[in-house]
Amino acid sequence: MLIDGKKTANEIQAEIRSQIGLHKTRKPGLAVLLVGDNPASHTYVKYKRKACAEVGIVSTVIELAGSISESDLLKQIEKLNQNPAVDGILVQLPLPSHIDEKNITSAIDPLKDIDGFHPINVGKMLLGIDDGFFPCTPLGIKVLLEKHKIPVEGKHIVIVGRSNIVGKPLAAILMQKKPHCNATVTVAHSQSENLQQLTKSADILIAALGRPLFIKKEMVKPKSTIIDVGINRMPNGKLIGDVDFDEVSKVAGHITPVPGGIGPMTIAMLLQNTFKAFLKTLLVLFLFASCSQSPKDLCTHFEGTEMARPYQITVGKILSAKEKRLVEKVIQETFLDARTLFDNNDPGSEISKLNSASANTLIPLSKPLQDLLTLCDKIVSLSGGRFDPTVEPLEKLWKQTPNPTVDALQNACDATGWEHICIHNGIFKKDRPETALDLLGVSKGLCVDWIVERLEKLGFSDLLVKWSGEIRGIGHHPENRDWSVEVDPSLRVNEQPMAPLPLRDCAISTCVNRGYMIDPLTASPLYNRRSEAWNFERAIASVTVIAPTCALADALATAAMVFQTRSEAEKWAQEIVDLYPNVSFWILSHRDDR
Ligand code: NDP
């Protein structure tokens, strides 16, 4: 069966394009340094630029003479390191022989090193730390296997080729103790003895040697997966791989073609890494002073309390009295809309009507509630049911008593479960009258999104909106820097208060453990201090999520809280980040400060 890398790469590119589309005021920037006139390098750079343009990345190619000295090339890199419009830097390899590639790759700012060749990023990859950059070709191979559901865990993977850009990093990635890795990896090279014996024992064989048609039918285990990394240009201009495709495809279970296999995936990962670098700059720019430290306040602020939670809304300019009244009106109307829809304490709210409805009554939903329930449905499924807005009956019960009776627990369990809810064509129905929704946990983010979007429509393009733990910023502070926010001063990372985060066209949601969250999978409180199994240090103290919208950040943060341990939550978060590259998680566990 053919593994179509081009199709998968196109799907990934479409996702990146739509994510970049959410960032209106600034686009990710990629700078490519192209040294000399190697025709293959010029062709690769042309493809990369085209792909960048397709997804909305602004790429700049700096062409330099092949005679450039190493020190002049290093100066060019330093300029790009300092350039705030450049998120990612790529030096097209190979470089002329008088330049030491290691010196060049080490000079790139690790936060802009979208090729993942800087020693810091290589070290992070080896240690299994995912916040750096992985080299594009190995990452593309991993993602392709994952997307095509080729089992990797526990399998024997043989990589032929041990280069620093393919073989070695790929081995490091696939052997990690992580989901979709955990493989037994053998790396072969030109000095390996009994190569055929090795390749024939592979469940997955990865050919990265740069030898046309080297892998033959008799070197391959029947029904195994064959990944062909090789790109060899023949004298007639045709590209062929390291695998004898015509022969090997007859015995292989799965096989990638050349062209159309790993090549397009490598480019897709380059785009993904550039977008990731763009999001990372949000975290670096916190070095700029926060807006509250401004000597002269150039903003207009609105503060108040809504549903017992404080809000602060900052518009990035001095407003006239008329504009102020307009903003105030939008804020009040939006909160009123939120109460009318989601306030469980208001018997007239739309949510209360759903909660008090009898079984199987068909209730038409308003568009905003329908959208929110659709988002909930997605997160319920992504979290394997850990996130469940119907958990209220269990929550109520455990708040009433630490030792509920078996009958009371059974009744609460019967009423709980997303499967009791059905939403079809904007019509709501539940099959149990007791089933109730509590959407406050995720509707706060939606309300923040509404305020931002409604004000933006009225022409206010620089905004910072905070309500409870939910924050969204668009545009800039009037001093032409990013908005900067303190997530939660009480939170500690490595014993230090969490640094303020810069916020550019994205949202942050923080969910802090208040001690009464219910795990729907066990129907009991997640952090039961009476339970012997409860481990204070391993339990999650807080989750902060950055995402394009506050509703998504809010829902993901709430979902990540409902894991027993930080490591389980991190595993899940990684899967989400693989799906949504513009989402980031900070999951903190407690310090043992009892
Ligand atoms: P390198 O030349 O750096 O490394 C080749 C590796 O293959 C070396 O480890 C070498 O062993 C090993 N090798 C060579 N001959 C044999 C042999 N007869 N038996 C066993 N092992 C052998 O190449 P790269 O890793 O940079 O690239 C490999 C191929 O992948 C090339 O065709 C390249 O064009 C292609 N490529 C494709 C990419 C894509 O986007 N699809 C991206 C990057 C590369 P030793 O170490 O002992 O010399």
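Residues numbered from 1 in each chain as written. Predicted model: local features only at pLDDT ≥ 70, side-chain atom pairs only at ≥ 80, totals over all residues. Heavy atoms only, no water.

Turning our attention to the site of the ligand. Residues in close proximity to the ligand total 22 residues, the closest being Arg 162, Ser 163, Ser 190, Ile 231 and Thr 266. A distance of 2.5 Å separates an oxygen atom of the ligand from a polar side-chain atom of Ser 163. Ile 231 places a polar main-chain atom, nitrogen or oxygen, 3.0 Å from an oxygen atom of the ligand. Surface burial for the ligand is 72%, taken as the share of its 930 Å² of free accessible area covered by protein chains. A total of three residues in the shell around the ligand trace back to one element, the largest contributor, which is helix H10 (residues 262–284). (Near = heavy atom within 4 Å. Polar contact = N/O pair within 3.5 Å; in protein donor to acceptor, adjacent residues only side chain to side chain. Areas by Shrake-Rupley, 256 points an atom, 1.4 Å probe, with all protein chains shown as cover. Helix = DSSP H or I, 4+ residues; strand = E, 2+ residues; numbered from the N terminus.)

To continue, consider the sheet that holds strand E6 (residues 204–207). Pairing within the open sheet is parallel, and its five strands lie in the order E5-E4-E6-E7-E10. Lying at the two open borders of the sheet, with one neighbouring strand each, are strand E5 (184–188) and strand E10 (254–255). Inspection of the sheet shows strand E4 (residues 156–160) paired to E5 by five bridges, in the parallel sense. Across the sheet, the residue bridging to Ile 157 is Val 185, located in E5. (Pairing = 2+ DSSP bridges.)

Turning next to the state of the cysteines. Evaluated as defined, the whole model comprises zero disulfides. In this model Cys 511 remains outside any disulfide bridge; the closest cysteine sulfur is found in Cys 550, 12 Å from its own. (Disulfide = S-S within 2.5 Å.)

Moving on, we get to the environment of Gly 459. With respect to the helices and strands, Gly 459 occurs in the loop between helix H16 (440–457) and strand E16 (463–467). Residues Gly 459 and Ser 484, spaced 25 residues apart in sequence, show a C-alpha to C-alpha distance of 22 Å.

Within the chain, residue pLDDT values average 88, and 91% of them lie at 70 or more. Residue range residues 286–294 is modelled with pLDDT below 50. Its contacts to residues more than four positions away, or to other chains, number 13 contacts. (pLDDT = per-residue confidence, 0-100. Contact = heavy atoms within 4.5 Å.)

Let's shift gears to the domain arrangement of the chain. Partitioning the chain into structural domains gives domain 1 (5–278) and domain 2 (288–589). Put simply, the middle of domain 1 and the middle of domain 2, counted by C-alpha atoms, are 37 Å apart. In total, about 1,200 Å² of surface goes out of reach between domain 1 and domain 2, with carbon and sulfur atoms giving 54% of it. Put simply, domain 1 and domain 2 have zero salt bridges between them. Counting every contact that joins domain 1 to domain 2 gives one residue pair in polar contact (both at pLDDT 80 or more). Tallying contributions element by element places H10 first for the side of domain 1 that touches domain 2, with three residues. (Domains from an automatic or database assignment. Buried area = accessible area lost by both parts, 1.4 Å probe. Salt bridge = Lys/Arg side-chain N within 4 Å of Asp/Glu carboxyl O.)

In this section: the pairing of strand E15 (residues 427–430). Side chains of E15 alternate between two faces, with Phe 428 and Lys 430 buried and Ile 427 and Lys 429 left unburied. Pairing of strand E13 (residues 363–364) with E15 involves two bridges; the strand directions are antiparallel. Each bridged residue has a counterpart across the sheet, and for Pro 364 the counterpart in E15 is Ile 427. Here four bridges tie strand E14 (residues 421–424) to E15, and the two strands are oriented antiparallel to one another. Each bridged residue has a counterpart across the sheet, and for His 424 the counterpart in E15 is Ile 427. If you look at the hairpin formed by E14 and E15, you'll find two residues sitting between the two strands, and Asn 425 has a positive phi there, around 50°. (Buried < 20%, exposed > 50% of the residue type's maximum accessible area, 1.4 Å probe, protein only.)

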